[in-house]
Amino acid sequence: MAEMFRGVAQWFWDPDVWLPPNVTWDSFNEPKVLKDNVLDPQDFAKFSDLWYPVPLAIVVIILRSLVEKKIFKPIGIRYGLKDQRRQYPAPNQTLERAYRGFSKLSKDQKEELAATTGLSYIQVERWLRQRSQADLPNTLQKFCETGWRWVFYSSILVYGFVCLWNKPWFWNIRHCWYDYPYHQVDNDVWFYYMVELSFYWSLSISQFFDVKRKDFWEMFIHHNTTIALMMFSWTAHFTRIGTLVLIVHDCADHLLELAKLCRYVKYRKLCDAIFVLFSVTWIVTRCGIYPSWILYSTLHDAAGFIQMFPAYYIFNGLLGTLQVLHILWTYFLIKAIHKALVKGEVEDQRSDSEPSEDENSAVQRKDK
């Protein structure tokens, strides 16, 4: 069995796959002289570093809980948001089993439940609707979740610019390929990578407990593609291009979360203004800078400096997957803008898949 695992490990870590020709893993275990600079083995990215973000993700989740409860919950209450739990329907084991066992019940299934429980068809529908709404967070909870994401995205964006401002590849992207793969990882870049990875691990975990979104699976793919891309870029020593991908993606996210915060506290005009700023930033960074600067460099510039190898093609495949998601979300964004022009207010097409307060009130009046 041990021999089998060793064989699988040797096959998986084949340097002919992960590294350029004539480079092996042992190449990073000895000092390298590049021009007038001597790089020691500890200056290079190590796969073992990627274990740090996993336990750190738990720390991020704990920090998130503290920020939500100690900072944004009091702010939300001050702005009039109520900490009210949604009312659960009367206990009914048969209906509870059906609710947990099926994501959506057909008309025939509901009629069968009505016959089994002795309730009317309308009473079964009402019970299931109330049970579904009881699991959804209220506006205050959504305000707190959004507040945490805004704090993180804003902080990491500022740190990203501070970290990269004096890096040569930030101003000339071709430095991502000079002397590849022997790139020194400075402490600030190491910290940037580890914190971002920890955050995305925490999102991937907490997504199953957060507000359910219409684009749940798109976000799931996005989070895990981002994690895979970061881990892959770190392992294959594409750390420089990886930091540029991170900062481009961080530019718009904080604006979307800020717009949502304003919407939850009913600052509609401010929400719409920030959403317009977000839309412009999103389209410029995700559909302009990302493909024309980063993808162009990985697909065109790299060929003039490095010899091609399998990991390079996989890396570009992951970058391409992100661009496909960018196009998909831009479509949702344009739909939101069109809807705003028709209705006179912005409504995020990627918003939480729970009914609004007005919809809840209408449902309750209808039930009565």
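### A word on the overall build of the chain
Okay, step 1: When its secondary structure is counted, the chain shows 14 helices and 2 strands.
Okay, step 2: Principal-axis analysis of the C-alpha atoms places the extent of the chain at approximately 80 × 55 × 35 Å.
Okay, step 3: The buried share of the chain, taken over its 368 residues, is 46%.
Okay, step 4: Counted over contacts in the chain with a minimum sequence separation of 6, partners at least 24 positions apart contribute 78%.
Okay, step 5: Only carbon and sulfur atoms are counted for the fraction: they give 61% of the accessible area of the chain, which is about 20,100 Å².

### Examining the packing of aromatic side chains
Okay, step 1: Applying the stated criterion to the full structure yields 36 aromatic pairs.
Okay, step 2: Residues Phe152 and Phe199 carry aromatic rings whose centres are separated by 3.7 Å and whose planes lie at 10 degrees to one another, so their mutual orientation is stacked. Taken together, the residues span a long stretch of sequence, with Phe152 in helix 7 (residues 139-164) and Phe199 in helix 9 (residues 187-206) at a distance of 47 residues. Each member of the pair, Phe152 together with Phe199, is buried.
Okay, step 3: Arranged with centres 5.8 Å apart and planes meeting at 55 degrees, the rings of Phe278 and Trp282 form a pair that is tilted. Here Trp282 and Phe278 lie together in helix 12 (residues 268-299), a separation of 4 residues that amounts to about one turn.
Okay, step 4: By relative accessible area, which is 4% here, Phe278 ends up buried.
Okay, step 5: Through a chain of ring-to-ring contacts, three or more aromatic side chains come together here, namely Phe12, Trp13, Trp18, Trp25, Phe47 and Phe232.

### Description of the packing of helix 9 against helix 11 (residues 239-264)
Okay, step 1: Relative to each other, helix 9 and helix 11 sit at 55 degrees, their axes nearing to 11 Å. Relative to helix 11, helix 9 is oriented oblique. Crossing handedness for the pair helix 9 and helix 11: left-handed. Between helix 9 and helix 11, the contacting residues are Val189, Tyr192, Tyr193, Glu196 and Tyr200 on the first element and Thr239, Gly242, Thr243, Leu246, Ile247 and Asp250 on the second.
Okay, step 2: Split by residue class, the contact of helix 9 with helix 11 holds 6 nonpolar, 3 polar and 2 charged.

### Observations concerning the packing of helix 10 (residues 216-235) against helix 11
Okay, step 1: Close contact between helix 10 and helix 11 brings their axes to 8 Å; oriented N to C, the two are set at 155 degrees. When the interaxial angle is binned, helix 10 and helix 11 end up roughly antiparallel. Contact residues: Leu229, Met230, Ser233 and Trp234 in helix 10; Thr239, Gly242, Val245 and Leu246 in helix 11.
Okay, step 2: Split into classes, the residues belonging to the contact of helix 10 with helix 11 amount to 5 nonpolar, 3 polar and no charged.

### Observations regarding helix 10
Okay, step 1: In this model helix 10 runs 28 Å from its N-terminal to its C-terminal C-alpha over 20 residues, within 8% of the 28 Å that 1.5 Å per residue would give.
Okay, step 2: Where helix 10 terminates, the next one or two residues include His237, which has phi positive at roughly 65 degrees.

### A word on the side chain of Ser204
Okay, step 1: Assignment of secondary structure puts Ser204 in helix 9.
Okay, step 2: We classify Ser204 as buried; its relative accessible area is 9%.
Okay, step 3: Within the structure, Ser204 has its side chain in polar contact with the side chain of Asn224 (distance 3.5 Å).
Okay, step 4: Apart from residues no more than four positions distant in its own chain, Ser204 is found in contact with His223, Asn224 and Ile227.

### Notes on the side chain of Ser27
Okay, step 1: Within the element layout of this structure, Ser27 appears in the loop between helix 2 (15-18) and strand 1 (32-34).
Okay, step 2: Setting aside its immediate chain neighbours within four residues, Ser27 contacts Lys32 and Tyr182.

### Topic: the pattern of salt bridges
Okay, step 1: Considering all chains together, one arrives at 8 salt bridges under this definition.
Okay, step 2: Among the ionic contacts, a cluster of salt bridges with common partners joins Arg64, Glu68 and Glu145.

### Let's talk about the nonpolar core
The tendency in soluble globular proteins is for nonpolar side chains to be buried as a group.
Okay, step 1: Ranked by size, the top nonpolar core spans 68 residues in total, and within it Leu164, Phe199, Phe238, Ile241, Leu244 and Tyr290 carry the most contacts.
Okay, step 2: Listed by contribution, the elements that provide at least two residues to this core are helix 3 (53-78), helix 7, helix 8 (168-171), helix 9, helix 10, helix 11, helix 12 and helix 13 (310-343).
Okay, step 3: In terms of residue count, the dominant contributor to this core is helix 7 (10 residues).
Okay, step 4: With residues near it in sequence (within four places) discarded, Phe238 still touches Trp177, Tyr180, Tyr193, Ser233, Phe309, Ala311, Tyr312 and Phe315.
Okay, step 5: Formed by 16 residues, the second largest nonpolar core is a distinct cluster that contains Ala252, Leu325, Phe332 and Ala336.

### Topic: the environment of Val59
Okay, step 1: Position of Val59 relative to the elements: it lies in helix 3.
Okay, step 2: Through-space distance from the C-alpha of Val59 to that of Lys46 is 22 Å; in sequence the pair is 13 residues apart.

### Description of the confidence of the model for the chain
Okay, step 1: Taken residue by residue, the chain gives an average pLDDT of 86. The fraction at 70 or more is 91%.
Okay, step 2: Per-element confidence in the chain is highest for helix 8, whose mean pLDDT is 96, and lowest for helix 14 (residues 357-367), whose mean pLDDT is 42.
Okay, step 3: Across residues 349-368, where pLDDT falls below 50, the model places 39 contacts with residues more than four positions away in sequence or in other chains.

Each value, and the rule that gives it
Residues numbered from 1 in each chain as written. Predicted model: local features only at pLDDT ≥ 70, side-chain atom pairs only at ≥ 80, totals over all residues. Heavy atoms only, no water. Helix = DSSP H or I, 4+ residues; strand = E, 2+ residues; numbered from the N terminus. Buried < 20%, exposed > 50% of the residue type's maximum accessible area, 1.4 Å probe, protein only. Contact = heavy atoms within 4.5 Å. Areas by Shrake-Rupley, 256 points an atom, 1.4 Å probe, with all protein chains shown as cover. Phe/Tyr/Trp six-rings, centres within 6.5 Å; stacked < 30°, edge-to-face > 60°. Axes fitted to C-alpha atoms, helices over the stretch in contact; angles between N-to-C directions. Parallel < 35°, antiparallel > 145°, perpendicular 65-115°, else oblique. Left-handed = near helix turned anticlockwise from the far one by under 90°. Nonpolar A, V, L, I, M, F, W, Y, C, P; charged D, E, K, R; others polar. Expected span 1.5 Å × (residues − 1). Polar contact = N/O pair within 3.5 Å; in protein donor to acceptor, adjacent residues only side chain to side chain. Salt bridge = Lys/Arg side-chain N within 4 Å of Asp/Glu carboxyl O. Core = buried A, V, L, I, M, F, W, Y, C linked by side-chain atoms within 4.5 Å. pLDDT = per-residue confidence, 0-100.

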